[in-house]
Amino acid sequence: MSKTCGIELKGNEARIVVLEGNPEDYIVVSKSITRIVLDDPKNQEEVRFFYNEFVAFLEDGDFDRIGIKERVSRGRFAGGTTSFKIEGLIQNTDFPVEIIHQSKIKSKLKEVDLDISMVEDYQVEAMRVAYYLMME
């Protein structure tokens, strides 16, 4: 049985889903923390607060795998600067974090009927990441 943490970075927040189990039988865990927000990315205290809050979440989680959905870095759908800052903060924790390209997730899950009713609409992409990690 594995415990995976899927993360999607959107704007100034990390959207989170934690799954436990295996691809055939899993549950959504930790519904109390569904996102962690960086209120002001220019304020050092706010950045430190976000970092410490995220580290505490990861320490409490005892995850087997942690993954972040990769964002586009150029073009019309490029991620914002704050989301890249958040990614750097998460990668600087002492936990192994994988950046997963959308095409890998899409390819792996194309035959899967993922039950997204267990999460909020804004968490769907994070759930796909967590499920992808569980299938690997």
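In what follows, the structure referred to is the one given above.
The paragraphs below set out a description of the structure included in this document. The written sequence of each chain sets the order in which its residues are numbered from 1. Whole-chain, interface and lining totals are the exception, using all residues; otherwise, since this is a predicted model, local features are given only for residues with pLDDT of at least 70 and side-chain atom pairs are given and counted only at 80 or more. Based on all heavy atoms of the structure, the side-chain values leave hydrogens and waters out of the count.

1. Section: the nonpolar core
In this structure, Cys 5, Ile 7, Ala 14, Phe 50, Phe 54, Phe 57 and Ile 90 are the most contacted members of the largest nonpolar core, which totals 21 residues. Contributions of two or more residues to this core are made by strand 1 (2-10), strand 2 (13-22), helix 1 (44-61), strand 5 (65-69) and helix 2 (81-91). Working definition: helices are DSSP H or I runs of at least four residues, strands are E runs of at least two. Numbering for both runs from the N terminus. It is helix 1 that provides the largest number of residues to this core, a total of five residues. Setting aside chain neighbours within four positions, we find Ile 7 in contact with Ala 14, Arg 15, Phe 54, Ile 66, Gly 67, Ile 68, Lys 69, Ala 126 and Val 129. Throughout, nonpolar core names a set of buried Ala, Val, Leu, Ile, Met, Phe, Trp, Tyr and Cys residues whose side chains join them through atoms within 4.5 Å. Whether a residue is buried, partly exposed or exposed follows from its accessible area with a 1.4 Å probe, protein chains only, as a fraction of its type maximum: under 20%, in between, or over 50%, in that order. Leu 19, Leu 114, Ala 130 and Met 134 belong to the second-largest nonpolar core, a separate cluster that totals 18 residues. A contact between two residues is defined here by any heavy atoms of the two lying within 4.5 Å.

2. Brief notes about the pattern of salt bridges
Salt bridge, as applied in this entry: a Lys or Arg side-chain nitrogen positioned within 4 Å of an Asp or Glu carboxyl oxygen. With the rule as written, the count across this model stands at 10 salt bridges. Notably, a salt bridge pairs Glu 8 with Arg 15, separated by 3.9 Å at the nearest N-O pair. A relative accessible area of 16% means that Arg 15 is categorised as buried. A salt bridge links Glu 13 to Arg 35, with the shortest nitrogen-to-oxygen separation between them at 3.4 Å. Of the two residues, Glu 13 sits in strand 2 while Arg 35 sits in strand 4 (residues 35-37), which places them 22 residues apart along the sequence. Looking at Glu 13, the relative accessible area reads 10%, which means it is buried. Salt bridges sharing partners connect three or more residues here, namely Glu 8, Glu 13, Arg 15 and Arg 35.

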